[in-house]
Amino acid sequence: MTVWDAEVDVAVVGGGACGVMTALRAARNPAVTVAVFEKSAREGCNAAISSGSLAAGGTRWQAAAGIEDSPERHAEDILRASGDEEWRQVVEALCGAAPEMVHWIADTGYPIELGTDMPRAGMTARRLHTDTGRLGGGRLMRHLRALIDKHGNVAFVDEAPVIDLVSHLGEATGVVVSQNGSPQRIRAGAVVLAADGFAGNRALVEEHLPHLGTPFYGGVSTSTGDALGWALRLGGQLRNMGAALRSGLVVVDHGTRVSPALPFNGAVLVNLDGERFVDEESKGYSSMAGVLRRQPGERAAMIWDATAMAATRESEMMRECLAAGAIHDHPTIKDLAASLHRTPEETERALIPFPGRRHLTAPYHLAWVTHGLLATQGGLVIDPSGRVLTAAGEPIPGLYAGGGTACGLAGPHSDGYLSGNGLLAAFGMGWLIGDNLSSKHRS
Ligand SMILES: Cc1cc2nc3c(=O)[nH]c(=O)nc-3n(C[C@H](O)[C@H](O)[C@H](O)COP(=O)(O)OP(=O)(O)OC[C@H]3O[C@@H](n4cnc5c(N)ncnc54)[C@H](O)[C@@H]3O)c2cc1C
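Keep in mind that what you see is a predicted model, and the values were worked out from it rather than measured.

Cut-offs and rules
- Residues numbered from 1 in each chain as written.
- Predicted model: local features only at pLDDT ≥ 70, side-chain atom pairs only at ≥ 80, totals over all residues.
- Heavy atoms only, no water.
- Helix = DSSP H or I, 4+ residues; strand = E, 2+ residues; numbered from the N terminus.
- Buried < 20%, exposed > 50% of the residue type's maximum accessible area, 1.4 Å probe, protein only.
- Contact = heavy atoms within 4.5 Å.
- Salt bridge = Lys/Arg side-chain N within 4 Å of Asp/Glu carboxyl O.
- 1 Å grid on protein atoms, 1.4 Å probe; cavity = no way out; pocket = protein on both sides within 12 Å on 5 of 7 lines; lining within 4 Å.
- Points joined across faces, edges and corners; volume = space filled by probe spheres on them.
- Nonpolar A, V, L, I, M, F, W, Y, C, P; charged D, E, K, R; others polar.
- Near = heavy atom within 4 Å.
- Polar contact = N/O pair within 3.5 Å; in protein donor to acceptor, adjacent residues only side chain to side chain.
- Areas by Shrake-Rupley, 256 points an atom, 1.4 Å probe, with all protein chains shown as cover.
- Domains from an automatic or database assignment.
- Buried area = accessible area lost by both parts, 1.4 Å probe.
- Pairing = 2+ DSSP bridges.
- Right-handed = clockwise from strand over helix to strand, strands pointing away.

Describing the side chain of Gln62
Tracing the backbone shows Gln62 in helix α3 (residues 60-64). By relative accessible area, Gln62 is classed as buried at 1%. Every residue in contact with Gln62, bar those within four places of it in the chain, is listed here: Ala56, Gly57, Ile67, Asp69, Leu114, Arg126, Arg127 and His129.

See the structure below:
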């Protein structure tokens, strides 16, 4: 028989996007006690280093901007990109929750605006929402974690990695947490796995994503896939393990990323042979990573001009690139050609716009970009309420998963990732799981 050190109603594994949202929603019921166990807030979560772009269809900001959109249209965009019809119910549940969730975040005092200047491949409406200062996910996570402190019924326990899941007769009954090196057994009515994926675990990446080669890793060190094995032991299933959130916009030698909006403002990609090799607007950044991996030297020069710079420089990505000195300025076509090791004539030819696109004019900006891995998208099979399912499709009692620990929205391949999917799956599933757990207990 397990001897418990403490007991809560809800034990959340991981204090990132999914974990914090789960806790905030569950704790609305004052009768529910919640503990969030976080491996290391200092090492961080992906949500805090993300751009913080929240995809939602049918929001008040879209209405104010005259943009027609809806959860249904959002879901169709995701499913068209992923081709993953089997995952439709999960996608629809998340897209259905998204507008209310983004409104709620704003109503807690977080300054949100619609990114009308944030076009993305595969998105039929502008639906990325961001903070007004464009400071990215760090600001959002600080805001949400501060909200947790206002709830007397939630404990956020930092430097407390969960090292095991406890079960009894096939039911999740608690977790083992390491605190100062000593294991604590915490009994819980529900365990929520919100520990993200496994992109920071080299062995698992080599096993499931060998086709990525040796990408730059742009995620946090804490994504080591800890929760997957525990759920498998209870009969959980893994799905789409070969899919990832990749980026084809990682700047070589810097690790910063240029803005995905650059191609929509005329930016072009030229490889080491001086050739254009892709319609830059046609690919999302995850899909572009695969294209770049196939180029000579696995890199290409992204080239843009002052107009494109003005349209994108306020994103946190471009600010980071500028601060890092990752962008080179070339006043003339001759200078640009020299840095590409081409003649000015060859360079002019490479810059010829596709029909209907802008023509770039001097002075030019250039960054060498390559492919990177940001986060994995394969994970546990869940139902639209976040319950972890067995091979027979039965929920494992007491066990939930969301965000990067669960199977994501990209489908079987990284090319199916649509911008905003990551935080939608994390915050959205946290919202749904937390609401569900909140209403299970009487207040
Ligand atoms: C550079 C970058 C930019 C991105 N930009 C965007 C964007 O703009 N929009 C978007 O939608 N998505 C974006 N994403 C993806 C998005 O950040 C992730 O999909 C999302 O954060 C996943 O949420 P999560 O809650 O599953 O994991 P996280 O936010 O990573 O949180 C997981 C937490 O679990 C903790 N943890 C791990 N193991 C344990 C354990 N054993 N015990 C206790 N705690 C544990 C970790 O320390 C971490 O704090 C980006 C990702 C990266 C890397």
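There is more to say, and it comes next.
Some words on the environment of Ala375
Among the secondary structure elements, Ala375 is positioned in strand β16 (residues 364-376). Sequence separation of Ala375 and Leu212 is 163 residues, and the distance between their C-alpha atoms is 12 Å. For Ala375, the contacting residues outside a window of four places in its chain are Asn46, Ala199, Ala244 and Leu245.

Structural notes on the pattern of salt bridges
In this structure the tally under the stated criterion is 24 salt bridges. Of the charged contacts, one joins Asp226 and Lys39 as a salt bridge, the two residues approaching to 3.2 Å between their closest N and O atoms. Here Asp226, found in helix α8 (residues 226-233), pairs with Lys39, found in the loop between β2 (34-37) and α2 (46-49); they are 187 residues apart in sequence, far enough to count as distant. The exposure class assigned to Asp226 is partly exposed, which follows from its relative accessible area of 29%. Where Arg239 meets Asp84, a salt bridge forms, and the shortest distance between an N and an O atom there is 2.8 Å. Taken together, the residues Arg239 in strand β11 (residues 238-239) and Asp84 in the loop between α4 (71-82) and α5 (88-107) connect sequence positions 155 residues apart. Among the residues examined, Arg239 registers a relative accessible area of 13% and is labelled buried. In this structure Asp84 comes out as buried when scored by relative accessible area, which is 7%. One network of salt bridges, in which partners are shared, links Asp69, Asp77, Arg80 and Arg127.

Side note on the layout of surface pockets
Of the volumes computed, that of the second largest pocket is approximately 280 Å³. Along its surface, the second largest pocket is lined by 13 residues, and Arg202, Val205, Glu206, Gly213 and Pro215 are the ones closest to its centre. Element by element, the count of residues in the lining of the second largest pocket is highest for helix α7 (residues 202-208), at three residues. Within the lining of the second largest pocket, the residues separate by chemical class into seven nonpolar, four polar and two charged.

Quick word on the site of the ligand
The local shell around the ligand holds 38 residues, among which Glu38, Asp196, Asp226, Gly404 and Leu423 are the closest. A distance of 2.5 Å separates an oxygen atom of the ligand from a polar side-chain atom of Asp196. Surface burial for the ligand is 98%, taken as the share of its 1000 Å² of free accessible area covered by protein chains. Listed by contribution, the elements that provide at least two residues to the shell around the ligand are α1 (17-26), α2 and α14 (421-440). Tallying contributions element by element places α14 first for the shell around the ligand, with four residues. For the shell around the ligand, a count of residues per class yields 16 nonpolar, 17 polar and five charged.

Considering the domain arrangement of the chain
Domain annotation of the chain identifies domain 1 (6-243 + 378-440) and domain 2 (245-373). Computed from C-alpha atoms alone, the centre-to-centre distance between domain 1 and domain 2 is 32 Å. On the side of domain 2, 25 residues touch domain 1, which itself brings 27 residues to the contact. Between domain 1 and domain 2, roughly 2000 Å² of surface is buried when both sides are summed, and carbon and sulfur atoms account for 57% of that area. Linking domain 1 with domain 2 are zero salt bridges. Put simply, domain 1 and domain 2 have nine residue pairs in polar contact (both at pLDDT 80 or more) between them. For the side of domain 1 that touches domain 2, the residue count by class is eleven nonpolar, twelve polar and four charged.

Observations regarding the sheet that holds strand β3 (residues 54-55)
Here three strands make up an open sheet; going across it, the order is β3-β5-β4 and the pairing antiparallel. This sheet does not close on itself; its edge strands, each paired only once, are β3 and β4 (112-114).

Re the pairing of β2
Alternating residues of β2 divide into Val34 and Val36 and Ala35 and Phe37, and every residue in both groups is buried. Bridging between strand β1 (residues 6-13) and β2 involves four bridges; their strand directions are parallel. Its bridge partner lying in β2, Ala11 is registered against Ala35. Each parallel crossover has a hand, and for β1 linked through α1 to β2 it is right-handed. Where β2 and strand β6 (residues 154-157) come together, four bridges link them in parallel fashion. If you follow Val36 over to β6, its bridge partner there is Phe156.

Points about unusual backbone geometry
Apart from glycine, the bulk of residues carry a negative phi angle, and the bulk of peptide bonds sit in the trans form. For the peptide bond that leads from Ala362 to Pro363, omega is 0°, which places it in the cis range. In this structure, Pro363 sits in the loop between α13 (344-350) and β16. The phi dihedral of Asp253 falls on the positive side, at around 70°, and the residue is not glycine. Within the fold, Asp253 resides in the loop between β12 (244-251) and β13 (268-271).

Thoughts on helix α11 (residues 316-324)
Looking only at α11, the buried set comprises Glu316, Met317, Met318 and Cys321. Against the buried residues of α11 lie β12, β14 (299-305) and α10 (306-312). Within two residues after α11, Gly325 carries a phi angle of roughly 70°, on the positive side.

Brief notes about the environment of Glu316
Relative to the helices and strands, Glu316 resides in helix α11. Considering only alpha carbons, one finds Glu316 and Arg239, 77 residues apart in sequence, at a separation of 33 Å. Here Glu316 is in contact with Ser50, Ser51, Arg134, Leu135, Gly136 and Arg257, once residues within four sequence places are set aside. Side-chain polar atoms of Glu316 contact the side chain of Ser51, separated by 3.2 Å.

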